[in-house]
Amino acid sequence: MKQFLKIASCLLIVIALAVSCSPLLNANTTEFTTGKVQEIVLGKDGYTAKLATTENSIYLVTISRANLLEPTQYRQVSTGETIQVKGDIFKISGVNHMTVRVLK
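Residues numbered from 1 in each chain as written. Predicted model: local features only at pLDDT ≥ 70, side-chain atom pairs only at ≥ 80, totals over all residues. Heavy atoms only, no water.

Draft legend 1. Focus on the overall build of the protein. Helices and strands together make up the secondary structure of the protein, namely one helix and five strands. The order of helices and strands in the protein, counted from the N terminus, is α-β-β-β-β-β. In the protein, which comprises 104 residues, the proportion classed as buried is 26%. Taking contacts inside the protein between residues at least 6 apart in sequence as the whole, the part at least 24 apart equals 48%. Carbon and sulfur atoms make up 60% of the accessible area of the protein, which totals about 7200 Å². (Helix = DSSP H or I, 4+ residues; strand = E, 2+ residues; numbered from the N terminus. Buried < 20%, exposed > 50% of the residue type's maximum accessible area, 1.4 Å probe, protein only. Contact = heavy atoms within 4.5 Å. Areas by Shrake-Rupley, 256 points an atom, 1.4 Å probe, with all protein chains shown as cover.)

Draft legend 2. Spotlight on the packing of aromatic side chains. Summed over the entire model, instances satisfying the criterion amount to one aromatic pair. The ring of Phe-32 has Lys-104 sitting right over it, with the charged end atom 4.5 Å from the ring centre. (Phe/Tyr/Trp six-rings, centres within 6.5 Å; stacked < 30°, edge-to-face > 60°. Lys NZ or Arg CZ within 6 Å of the ring centre and 35° of its normal.)

Draft legend 3. Looking closely at the sheet that holds strand E1 (residues 33–42). One closed barrel accounts for five strands, arranged E1-E2-E3-E5-E4; its pairing is mixed. For this sheet, the mean inter-axis angle between neighbouring strands, taken without regard to orientation, is 45 degrees. (Pairing = 2+ DSSP bridges. Axes fitted to C-alpha atoms, helices over the stretch in contact; angles between N-to-C directions.)

Draft legend 4. Spatial organisation of the pairing of strand E2 (residues 46–53). A large share of E2 lies buried, amounting to six of its eight residues. Note that E1 and E2 share seven bridges and pair antiparallel. Following the sheet pairing, Val-41 is matched in E2 by Thr-48. Between the antiparallel neighbours E1 and E2 lie three residues. When E2 meets strand E3 (residues 58–64), the two strands line up antiparallel, connected through seven bridges. Within E3, the position partnered with Leu-51 by the bridge is Tyr-59. What sits between the antiparallel neighbours E2 and E3 is a turn of four residues, in which Asn-56 has the positive phi angle 60 degrees.

Draft legend 5. Representation of unusual backbone geometry in the model. Its identity is not glycine, yet Asn-56 carries a phi of approximately 60 degrees, on the positive side. Turning to its location among the elements, Asn-56 is positioned in the loop between E2 and E3. You will see that Ser-93, though not glycine, has its phi angle at about 50 degrees, which is positive. Along the chain, Ser-93 falls in the loop between strand E4 (82–92) and strand E5 (95–103). Classification of Ser-93 by relative accessible area gives exposed; the value is 76%.

Draft legend 6. Structural view of the pattern of salt bridges. The final tally for this structure, using the stated rule, is two salt bridges. For Arg-75, the salt bridge is made with Glu-81, and the minimal N-O distance between the two is 2.7 Å. For Arg-75, a relative accessible area of 30% translates into the label partly exposed. (Salt bridge = Lys/Arg side-chain N within 4 Å of Asp/Glu carboxyl O.)

In structure tokens:
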């Protein structure tokens, strides 16, 4: 009986951890964000583009081959171009940032 309680307790802990951590695994998954490129700053292995979205939000999107799920998607965008991006979103000092994983 004691062995059964130990196994049941371990399973309960594992299930509780899996359920409580599942929002963290999906926290950075986003839908495509569409916006117009306003500014481009070149970096060491890519660039950061200031993107004005159709929802009137501003994002600083970092685009590099290393961060893309398919490195063949990498291309240089130009100011005024409308692009679609998908990736990990985070805020720094109230500014929206995205590490781009998919570039259309």
